[in-house]
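# Breakdown of the fold
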Protein chains: 2
Amino acid sequence: MSKAAFVAVDWGTSSFRAWLIAADGTELAESRSSEGMLHCATSGFAPVLRAHLTRLAAPMEAPVLICGMAGARQGWVEASYLQTPTRLDALHAGAIRVDTDGDVRILPGLAQARADRPDVMRGEETQLLGVTEADFTGIVCIPGTHSKWIRIENGAVVEFATYMTGELFAVISEHSILKHAVEAEAAEDKSGFAAGLASALASPTSLTNALFRLRAAQLLGFETRSAGAARLSGLLIGNEIADARTRFGADRPVRLIGAGRLGSLYREALTTSGFTVDECDAERASRGGLIKAARQIWGARF
Amino acid sequence: MSKAAFVAVDWGTSSFRAWLIAADGTELAESRSSEGMLHCATSGFAPVLRAHLTRLAAPMEAPVLICGMAGARQGWVEASYLQTPTRLDALHAGAIRVDTDGDVRILPGLAQARADRPDVMRGEETQLLGVTEADFTGIVCIPGTHSKWIRIENGAVVEFATYMTGELFAVISEHSILKHAVEAEAAEDKSGFAAGLASALASPTSLTNALFRLRAAQLLGFETRSAGAARLSGLLIGNEIADARTRFGADRPVRLIGAGRLGSLYREALTTSGFTVDECDAERASRGGLIKAARQIWGARF
């Protein structure tokens, strides 16, 4: 068995994932839970990390590198944003050390500090590092609660945009009148998704009208409730892609950092929208980015 | 004092308003409460109406004409939608009689039963009748939880569109991450509203990105939380108007059926967007429509 070198942690808003990584980059053990930033903000971060290190059987001297919301102002210790444009292989230089047992560091997020397009990310920058070569030029899409689109030129993030797609799906389907139009446990409905997507791509300024039409279509018997969730998903994802396509261009392949069902929906939607898709797994992206940054920080120990 | 002729009722989702109307159309008394459809769906409609009739001191024989959500499927008795295109002065013909004490009737809503643009309204059709002449041709905007835009030709509704503007403002500011970016009791912030409006009009496909930017702008110090609610309102109203302007055209005046602060915001936003605005009061519109329809139903008794 390879010798353990460090612990990689992706500490998000509502999830915690840690991997024990060997000097050659292979994964030796994994530990995950729902102890994300929101959970730890009240119960504390150090005890949660310690419990996972024990579970991983990590050596006492193994350093820990963390990415994600643990570095937010409301997280464990704030790791100030790096400002765009910034090279991804400079991320490690912005890592801050936590005043706790052992060598624990948190990677910074990225800020686009432009008054006309202010934007921020935490965690996705590490995924970007994980899936791009040092001279990468292209567009990356990371679907999620807050979907990100990123333009990278020669290894540097030059521009990005966040869309509230996933969060809007949740609040609209739980708290608006559309809760009567979607089923929580809806089966996958390919034609509903395709119809919502087509509507959004054809008429990208009409989102708030299209949302009401989803309800009206059911009242008038044109649609069924079982297709409601898929149609809502198609509308919101289509609206995101329609805008991003204009801003980031569909003339080159998009690298999609996705996972599971959401990743499949985006693959389908991006292809329908004229993109060539090059797909990477989201967890592998986080882990890969943490390994690259760890090698830059503790290179001598690898 | 003029002789009471009938009782006009605007029975909405969350509000009840009744007026005792004289034969010459003047208002003799008023009674209002928050006993809307949602309240009455569990406690019953008849007792609520009876209590208000007593409060109005309405004569036993005075008939009652109701518009709004009381006629929805989930209301008191369903008054089936009239289908567009339909003349507004034909509304009374679709009124249904309620099986209760006295002569109580409910006006129908309108449905646009087109598979590509399904839409419905209940209550607004009566306001439209109230503010338009028999040969009216033009565009009407009715702001609200579900804002309506209506194209009327020679007294007939030929097309309309509903935007979930008001409801999205509520669910986003209460249930999304933007709850940290808006203050519930925010003072009016004219420049925040104007900035949100300008952003939405300039980039009408970017709503779900603009929503996240509102939060990012505060994190990065470009904006303050006190301006958040006004900016969100400007973004959503601007997004609605940008789409409606394309669909309904800004080449002729828009008749705005508004009230209070929301009416003022729409007046400002419509003017900024290039419309000439002709404003009518929302309650007067409902009452006027009920009076016109009542004269057609019970003409002999006026």
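Along every chain, residues carry numbers that run from 1 in the direction the sequence is written. Whichever chain is written first becomes A and whichever ligand is written first becomes 1, with later ones labelled in order. Where totals are concerned, whole chains, interfaces and linings use all residues; where local detail is concerned, this predicted model gives features only for residues with pLDDT of at least 70, and gives and counts side-chain atom pairs only at 80 or more.

### Remarks on the sheet that holds strand β10 (residues 119–121) of chain A
All names here are of chain A.
- Any two strands with at least two DSSP-identified bridges between them are counted as paired. Counting from the N terminus, the helices are DSSP H or I runs at least four residues long and the strands are E runs at least two residues long. An order of β5-β9-β10 is seen for the 3 strands of this open sheet, with the pairing classed as mixed. Looking at strand neighbours, the two that pair on one side only are β5 (82–83) and β10, the edges of this open sheet.
- Pairing of strand β9 (residues 110–112) with β10, which is carried by 3 bridges, proceeds in the antiparallel orientation. Bridge pairing in β10 links Gln112 to Asp119.

### Some words on the relation of the copies chain A and chain B
- Note on the copies: chain A fits chain B at an RMSD of 0.0 Å, the axial shift is 0.0 Å, and the rotation between them is 180°. In the structure described here, the two chain copies are related by an operation that fits a two-fold rotation axis. Of the C-alpha atoms belonging to chain A, the one lying closest to the rotation axis is found on Thr205 of chain A, 2.4 Å away.
- By the convention adopted here, residues make contact when the C-beta atoms placed from their backbones lie within 7 Å. Of all interface residues in chain A, 100% are interface residues in chain B too; the two copies therefore contact each other through one and the same surface. In superposing the copies, a least-squares fit is computed on C-alpha atoms, taking residues whose pLDDT is at least 70 in both.

### Structural notes on the interface of chain A and chain B
- Facing the 39 residues of chain A at the interface are 39 residues of chain B.
- Counting residues per element, the ones that place at least two in the side of chain A that touches chain B are β10, β13 (156–163), α4 (165–175), α6 (207–219) and α7 (228–248) of chain A.
- With 9 residues, the single largest contributor to the side of chain A that touches chain B is α6 of chain A.
- Put simply, Ala, Val, Leu, Ile, Met, Phe, Trp, Tyr, Cys and Pro go in the nonpolar bin, Asp, Glu, Lys and Arg in the charged bin, and everything else, Gly too, in the polar bin. Tallied by class, the residues present in the side of chain A that touches chain B amount to 22 nonpolar, 11 polar and 6 charged.

### A short note on the environment of Trp149 of chain B
Residue and element names in this part refer to chain B.
- With respect to the element layout, Trp149 can be found in strand β12 (residues 147–153).
- For Trp149, a count of 23 C-beta atoms within 10 Å puts it in the buried group.
- Here the alpha-carbon distance between Trp149 and Ile241, two residues 92 residues apart in the chain, equals 9.4 Å.
- When neighbours within four sequence positions are excluded, Trp149 is seen to be in contact with Ile139, Cys141, Phe160, Ala161, Ala244 and Phe248. Three exposure classes are used, based on other C-beta atoms lying within 10 Å of a residue's own C-beta, which is placed from the backbone: buried for 20 or more, exposed for 12 or fewer, and partly exposed in between.

### As for the packing of helix α7 (residues 228–248) of chain B against helix α8 (residues 260–272) of chain B
Residue and element names in this part refer to chain B.
- Interhelical geometry of α7 versus α8 gives an angle of 55° and a closest axis separation of 10 Å. Taken together, the axes of α7 and α8 lie oblique to each other. Every pair of crossing elements has a handedness; the one defined by α7 and α8 is right-handed. Between α7, through Ser233, Ile237, Gly238 and Ile241, and α8, the contact on the second element is made entirely by Leu265, Tyr266, Ala269 and Leu270. Here an axis means a line fitted to C-alpha atoms, over the contact stretch when the element is a helix, while the angle between two N-to-C directions is reported on a 0 to 180 degree scale. Each angle is binned into one of four classes, with values under 35 degrees roughly parallel, values over 145 roughly antiparallel, values of 65 to 115 roughly perpendicular, and all other values oblique. Two helices that cross are described as forming a left-handed crossing if the nearer one is turned anticlockwise from the farther one by less than a right angle, and a right-handed crossing if clockwise.

### Topic: the confidence of the model for chain A
- Residues of chain A with pLDDT of at least 70 account for 97%, and the chain-wide mean is 95.
- Across the assembled chains, the prediction reports ipTM 0.95 with pTM 0.95. Predictor confidence is given residue by residue as pLDDT, running from a minimum of 0 to a maximum of 100.

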